[in-house]
Amino acid sequence: MFPLQQWFKKLDSKRAAIPHFWRWLLLVVTVIGFLTLWAYVAYLDSVVKAKFEGKRWALPARVYARPLELYPGMSMTPGQFVQEMSSLGYYDAPTPKISGSYHRRGNSFFVITRAATFWDGNEPSIAFRAEFSDGVLNSLTRAAGSESLNLVRFDPMQIGSIYPAHNEDRILVKLGDVPPLLLKALLAVEDRDFYEHNGIAPRAMFRALFANLRAGGTVQGGSTITQQLVKNFFLTNERTLTRKINEIIMALALERRYGKAEILESYLNEIYLGQDGARSIHGFGLASQFYFGRPLTELRAEHIALLVALVKGPSFYDPRRHQQRARQRRDLVLYTLLSLGEINDKETKRIKATDLGITK
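Residues numbered from 1 in each chain as written. Predicted model: local features only at pLDDT ≥ 70, side-chain atom pairs only at ≥ 80, totals over all residues. Heavy atoms only, no water.

Trainee: Just give me the short version of the overall build of the chain, but keep the residues and values in it.
Mentor: Counting its regular elements, the chain contains 11 helices and 14 strands. Burial status across the chain gives 41% buried among its 360 residues. Within the structure as shown, the chain displays about 20,700 Å² of accessible surface, and the carbon and sulfur contribution to it stands at 58%. (Helix = DSSP H or I, 4+ residues; strand = E, 2+ residues; numbered from the N terminus. Buried < 20%, exposed > 50% of the residue type's maximum accessible area, 1.4 Å probe, protein only. Areas by Shrake-Rupley, 256 points an atom, 1.4 Å probe, with all protein chains shown as cover.)

Right, here's the structure in full:
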């Protein structure tokens, strides 16, 4: 073979080896990338498991006053009794139907107490009548029938709290104790496909992306309730691509490990809903007390609509500082409930005509 032919043969063999080399390099890089991604996903999954299965919240130590005890013959005027009811967050209703309400007619009161836990056990809610005269409580009788009562105890008033270092405060609630209307309103406004998706809703994310691009800013969110829980529970509020990717991965991991009921219950207790000085208000249980002075189980439709409205922006829609904004957002939630048939037109008009009902 001539030297020139040998040279061309060597050149052809080198050209053939180059594509083979790049294919192997691409394969190695792909495998390393896949293993790196797998390891990172496994790490985020372990973070979700460790925190979600551990002690989820550090709750403040609460200090309570001596519980109010009523008994026949005690010195108390009707006016003093009204003051006691007000300090405990009981409200005057024309026809009391739920716990935490009462009605006065002269010196006679009809009251429905809240269930409470005392040192000697649990005490259920009871409905009773109290009669006063000459500065003395004359009688206590059950509302149903004429059975005399020797003693009625009320849930004690909280007079202080000792907060953890992060100053978060919440009252934990169980999913079964949450008013059904609140759950329906929350899902209708924040995540209608909650029970269908696996943690993320791609269509909602792309729809929000295009809306924000058209507006030149953030005007719409595409996060599911699971993603919102991940953001509040595990991540910061920074708006970066890395945080969004972490949010998506962790939302998928959360849905893979836990059921919808557990995720929704955690969301109800974790979501940020306002600020009280240095204390941050988390969860619907505490928000109900903070804004309305009553437990979650005693909320009416107008209260529920406002709490759900606050999810979008507790500071922007703060009902104590921005009443008009809060009212507009509340009414939007009301129209959503009306369109779903959860409240009727008469109820909607009644609520729109009332103020926000926020405590001082």
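Trainee: Explain the sheet that holds strand β5 (residues 108–112) residue by residue, including any values.
Mentor: Through backbone hydrogen bonds, the strands of a sheet pair up, either in parallel or in antiparallel fashion. The strand order across the open sheet built from five strands is β3-β4-β5-β8-β9, with neighbouring strands paired in mixed fashion. The sheet is open, and its two borders are formed by β3 (91–92) and β9 (136–142), each paired with just one other strand. Note that β3 and strand β4 (residues 101–105) share two bridges and pair parallel. Counted as the bridge partner of Y91 is S101 from β4. (Pairing = 2+ DSSP bridges.)

Trainee: Give a detailed account of the packing of helix α9 (residues 301–310) against helix α10 (residues 323–339), specifying residues and quantitative values.
Mentor: As a packed pair, α9 and α10 sit with axes 8 Å apart at the nearest point and diverge in direction by 110 degrees. What the angle tells us is that α9 and α10 run roughly perpendicular. Residues E302, A305, L306, V308 and A309 of α9 lie in contact with α10, whose contacting residues are A326, R329, R330, V333 and L334. Grouping the amino acids of the contact of α9 with α10 by side-chain chemistry returns seven nonpolar, no polar and three charged. (Axes fitted to C-alpha atoms, helices over the stretch in contact; angles between N-to-C directions. Parallel < 35°, antiparallel > 145°, perpendicular 65-115°, else oblique. Contact = heavy atoms within 4.5 Å. Nonpolar A, V, L, I, M, F, W, Y, C, P; charged D, E, K, R; others polar.)

Trainee: So what's going on with the packing of helix α5 (residues 225–233) against helix α7 (residues 260–270)? Which residues, and what values?
Mentor: Running from N to C, α5 and α7 cross one another at 50 degrees; their axes reach a closest spacing of 10 Å. One element, α5, and the other, α7, form an angle in the oblique class. Taken as a pair, α5 and α7 cross one another with a handedness that is left-handed. Residues I225, T226, Q228, L229, N232 and F233 of α5 form the contact with α7, whose own contacting residues are I263, L264, S266, Y267 and E270. Considering only residue class, the contact of α5 with α7 consists of six nonpolar, four polar and one charged. (Left-handed = near helix turned anticlockwise from the far one by under 90°.)

Trainee: Describe the packing of aromatic side chains, naming the residues involved and giving the relevant values.
Mentor: Working definition: an aromatic ring pair is given by the centre-to-centre distance plus the angle between the planes. What the rule picks out here adds up to 12 aromatic pairs. Between F81 and F109, the aromatic rings sit 4.9 Å apart at their centres with planes inclined by 80 degrees, giving edge-to-face as the arrangement. Of this pair, F81 sits in helix α2 (residues 78–87) while F109 is found in strand β5, placing the two residues 28 residues apart along the sequence. Its relative accessible area of 1% is what places F109 among the buried residues. A ring pair is formed by F233 and F234, whose centres lie 5.0 Å apart and whose planes are at 85 degrees; its orientation type is edge-to-face. With respect to burial, F233 and F234 carry one shared label: buried. These aromatic residues form a ring-pair network of at least three members: F81, Y90, Y102, F109, F128, F132 and F154. One Lys or Arg, R153, reaches over the ring of F118 and ends 4.2 Å from the middle of that ring. The ring of Y91 is capped by R294, whose NZ or CZ atom sits 3.8 Å from the centre of that ring. (Phe/Tyr/Trp six-rings, centres within 6.5 Å; stacked < 30°, edge-to-face > 60°. Lys NZ or Arg CZ within 6 Å of the ring centre and 35° of its normal.)

Trainee: Quick rundown of the nonpolar core? Include the residues and the values.
Mentor: Counting residues in hydrophobic clusters, the biggest one holds 58 residues, and the most contacted among them are L264, L268, F284 and L307. Elements that contribute at least two residues to this core include exactly α1 (3–53), α3 (180–190), α5, α6 (241–257), α7, α8 (283–292), α9 and α10. Ignoring any residue separated from it by four or fewer positions in sequence, one finds L307 in contact with L273, F284, A287, S288, Y291, F292, L296 and L299. Core analysis: the next-biggest nonpolar cluster, separate from the first, contains 20 residues, Y102, A130, F132 and F154 among them. (Core = buried A, V, L, I, M, F, W, Y, C linked by side-chain atoms within 4.5 Å.)

Trainee: Just give me the short version of the sheet that holds strand β13 (residues 272–276), but keep the residues and values in it.
Mentor: Read across the open sheet, the three strands follow the order β12-β14-β13; overall the sheet is mixed. Each having just a single partner strand, β12 (168–169) and β13 make up the two edges of the open sheet.

Trainee: How would you sum up α2? Please name residues and give values.
Mentor: Along α2, the residues classified as buried are P78, F81 and M85. Taken end-on, α2 shows its buried residues confined to a sector of 55 degrees, consistent with a single buried face. What points out from α2, more than 90 degrees from its buried face, is the exposed set Q83 and S86. Buried residues along α2 sit in contact with β2 (69–70), β4, β5 and β8 (127–133). Downstream of α2 by one or two residues, G89 has phi in the positive range, about 85 degrees. (Arc of directions from axis to C-beta.)

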